[in-house]
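Geometric and topological summary
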Amino acid sequence: MGFIIYVSDYIIPFLFLYIIGYGLAMKKNVYDDFVKGAKDGFKVVLDILPTLIGLMVAIGVLRASGALEALSSLIAPLTSKIMFPSELVPLVIIKMFSSSAATSLVLDIFKEFGPDSYLGRLTSVIMSCTETIFYTMAVYFMTANVKKTRYTLAGALVATFTGVIASVIITNLVF
Amino acid sequence: MINYLWGIMIVIGVVYGALTGKMADISTATINSAKEAVTLCITMLGVMSLWMGLMSVARSVGLMDKLTKMLRPVIRMLFPDLPKDHIVNEYIASNMIANILGLGWAATPVGLKAMKELAELNHHSERASCDMCTFLIINISSLQLIPVNIIAYRSQYGSVNPAEILGAGLLATIISTIVGVVFSIVARKTFKK
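Everything quoted here is computed from the prediction, not taken from an experiment.

The rules behind each value
Residues numbered from 1 in each chain as written. Chains lettered and ligands numbered in written order. Predicted model: local features only at pLDDT ≥ 70, side-chain atom pairs only at ≥ 80, totals over all residues. Heavy atoms only, no water. Helix = DSSP H or I, 4+ residues; strand = E, 2+ residues; numbered from the N terminus. Rg over C-alpha atoms; globule rule 2.2 N^0.38 Å. Buried < 20%, exposed > 50% of the residue type's maximum accessible area, 1.4 Å probe, protein only. Areas by Shrake-Rupley, 256 points an atom, 1.4 Å probe, with all protein chains shown as cover. Lys, Arg positive; Asp, Glu negative; His and termini not counted. Charge placed at Lys NZ, Arg CZ, Asp CG, Glu CD. Contact = heavy atoms within 4.5 Å. Phe/Tyr/Trp six-rings, centres within 6.5 Å; stacked < 30°, edge-to-face > 60°. Patch = residues over 30% accessible without salt bridge, like charges linked within 9 Å, V, L, I, M, F, W, Y side chains within 5 Å. Salt bridge = Lys/Arg side-chain N within 4 Å of Asp/Glu carboxyl O. Buried area = accessible area lost by both parts, 1.4 Å probe. Polar contact = N/O pair within 3.5 Å; in protein donor to acceptor, adjacent residues only side chain to side chain. Nonpolar A, V, L, I, M, F, W, Y, C, P; charged D, E, K, R; others polar. Core = buried A, V, L, I, M, F, W, Y, C linked by side-chain atoms within 4.5 Å. Domains from an automatic or database assignment. pLDDT = per-residue confidence, 0-100.

Describing the overall build of chain B
Helix and strand content of chain B: nine helices and zero strands. Its helices and strands in sequence order give chain B the pattern α-α-α-α-α-α-α-α-α, from N to C terminus. Taken over the C-alpha trace, chain B has a radius of gyration of 21 Å; the compact-globule value for 193 residues is 16 Å, which it surpasses by more than 25%. Across the 193 residues that make up chain B, the buried fraction comes to 49%. Surface exposure of chain B reaches about 8,800 Å², of which carbon and sulfur atoms provide 68%. Each charge sign in chain B was given a centre, from 16 positive and 11 negative side chains, and these centres are 4 Å apart.

This is the structure in structure tokens:
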């Protein structure tokens, strides 16, 4: 499983080498393109800043009041049977509804336990393979004026939960 | 939805804190969390701009188009009933590529365009077509090469190696997508029409 860590170290540098190298070979002005794109990054981040402030404050309040801990100790007896850390249950549930709310929970977990702890790593892996089910379905099906969504939710839930289970197994094996 | 979620989190937090006598902690938490959101965004400014810059290069040198073309046989396999040269194939492919590359903001507009075309092909029925179900299941199973945000958050909170989770995340996302694909194919055959 050391191989997986090895791959992790290579992905980013390889992408840079491949894209920039390809651009140079095509005799394109890669630097100008890069700068132009980087400017858009500002817009993306500025757009999320207000939601992030709102949600991080809400999670901060929940954490400081002790309600988050109370919740996870409440569900701990249930989750210990399936070997899933109770601290991450709220995250998995909230991620199905709102990506930004999930983000603030992720940050809270990183702050409480550290990004390199077991919980921090598992959180990172889970976030890499799950998507906001209900939000996505609402937005997309609303656009198409569809009311009967048939087996979409079942499929999305199956894929998401497989992802979560896989995350637990992989995190245990790799780290 | 987020409206209630947000409101309820704050109400529960403050009420619970009042009962447990944590009001001082809550005061400090509100101020600190707001400050933290801003410091986090500064880290994200760097990582996001870097990533968007790189993706902008990939687009203008034609790598994005190349990827979209490479996806064509996959789309034919997943959506066998779509008319072959219809524009919707392009939209679906661009949406998938944007998701894979972690460009969520770029994925949604083109994804919605795909959905509109699918509705047209479905004669604007209120009942989702198999293609719509497949499209959304794959979308939600979220095949993602690099979770750019997670890397930024990890680095903000002092990870020694923020990228160390990439391989594990990639493996997990591949597994969940395979399950989504298999589910879609089986469901399409089972619930045909």
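A word on the environment of B:Ala187
With respect to the helices and strands, the residue B:Ala187 is situated in helix α9 (residues 166-190). On the basis of relative accessibility, which here comes to 5%, the residue B:Ala187 falls in the buried class. Measuring from C-alpha to C-alpha, the distance between B:Ala187 and B:Leu82 comes to 17 Å, with 105 residues separating the pair along the chain. Apart from the residues within four sequence positions on either side, B:Ala187 is in contact with A:Tyr151 and B:Lys192.

Structural notes on the packing of aromatic side chains
Here the structure, examined in full by the defined rule, presents seven aromatic pairs over all chains. Ring centres of A:Tyr151 and B:Phe183 lie 6.3 Å apart, and the angle between their planes is 50°; this geometry places the pair in the tilted category. Of the two residues, A:Tyr151 sits in the loop between α7 (133-143) and α8 (152-174) while B:Phe183 sits in helix α9, which places them in two different chains. Residue class for A:Tyr151 comes out buried when judged on its relative accessible area of 6%. An aromatic cluster of at least three residues, connected via ring pairs, comprises A:Phe14, A:Tyr18 and A:Tyr22.

Let's talk about a nonpolar patch on the surface
Residue and element names in this part refer to chain B. A cluster of nonpolar side chains, Tyr4, Ile8, Ile12 and Tyr16, forms an exposed patch at the surface whose accessible area comes to about 410 Å². Looking at where Tyr4 falls in the secondary structure, it is placed in helix α1 (residues 2-20). In this structure Tyr4 comes out as exposed when scored by relative accessible area, which is 60%.

A word on the environment of B:Tyr153
Topologically, B:Tyr153 is positioned in helix α8 (residues 148-156). Between the alpha carbons of B:Tyr153 and B:Val47 there is a distance of 9.7 Å; along the sequence they are 106 residues apart. Beyond its immediate chain neighbours, meaning those up to four positions away, B:Tyr153 contacts A:Thr103, A:Val106, A:Leu107, A:Phe110, B:Leu40 and B:Met44.

A short note on the interface of chain A and chain B
At the junction of the two partners, chain A supplies 90 residues and chain B supplies 100 residues. Counting the surface lost from both chain A and chain B, the interface buries some 8,200 Å², and carbon and sulfur atoms represent 77% of this. When the buried area of chain A at its contact with chain B is split by residue, A:Tyr140, A:Arg150 and A:Tyr151 rank highest and sum to 11% of it. Our count for the chain A to chain B interface comes out at four salt bridges. For B:Arg154, the salt bridge identified is with A:Asp116, shortest N-O distance 3.0 Å. Seen at the junction of chain A and chain B, the total is 23 residue pairs in polar contact (both at pLDDT 80 or more). When contributions to the side of chain A that touches chain B are tallied by element, the ones reaching two or more residues are α1 (2-25), α2 (30-65), α3 (67-81), α5 (99-113), α6 (118-128), α7 and α8 of chain A. With 25 residues, α2(A) is the single largest residue contributor to the side of chain A that touches chain B. Grouping the amino acids of the side of chain A that touches chain B by side-chain chemistry returns 55 nonpolar, 24 polar and eleven charged.

Points about the nonpolar core
Residues B:Ile92, B:Met115 and B:Met132 are the most contacted members of the largest nonpolar core, which totals 109 residues. Of all the elements, helix α2 (residues 23-60) of chain B adds the most residues to this core, at eleven residues. Residue-level mapping places this core at the junction of two domains, with at least three residues from each of domain 1 (1-57) and domain 2 (62-193) of chain B. Leave out the neighbours within four places in its chain, and B:Met132 touches A:Phe141, A:Ala144, A:Val146, B:Met115, B:Leu118, B:Ala119 and B:Asn122. Counting five residues, the second-largest nonpolar core is a separate cluster that includes A:Val57, A:Ala64, B:Ile26 and B:Ala29.

What about the confidence of the model for chain B?
Residues at a pLDDT of 70 or more form 99% of chain B, whose mean pLDDT is 92. Between the elements of chain B, mean pLDDT differs from a low of 89, seen in helix α3 (residues 63-70) of chain B, to a high of 96, seen in α9(B).

Points about the domain arrangement of chain B
Interfaces are frequently sized by the accessible area removed from exposure as the parts join. All names here are of chain B. Under the domain assignment used here, chain B contains domain 1 (1-57) and domain 2 (62-193). Centre-to-centre separation of domain 1 and domain 2, based on C-alpha positions: 29 Å. In this assembly, ten residues from domain 1 lie in contact with 13 residues from domain 2. For the pair domain 1 and domain 2, the two sides together bury roughly 1,100 Å², of which 73% comes from carbon and sulfur. In terms of surface lost to domain 2, no three residues of domain 1 exceed Leu40, Trp51 and Met55, which account for 44% of the buried area on that side. Viewed at the interface, domain 2 and domain 1 are joined by zero salt bridges. Between the two partners, domain 1 and domain 2, sit three residue pairs in polar contact (both at pLDDT 80 or more).

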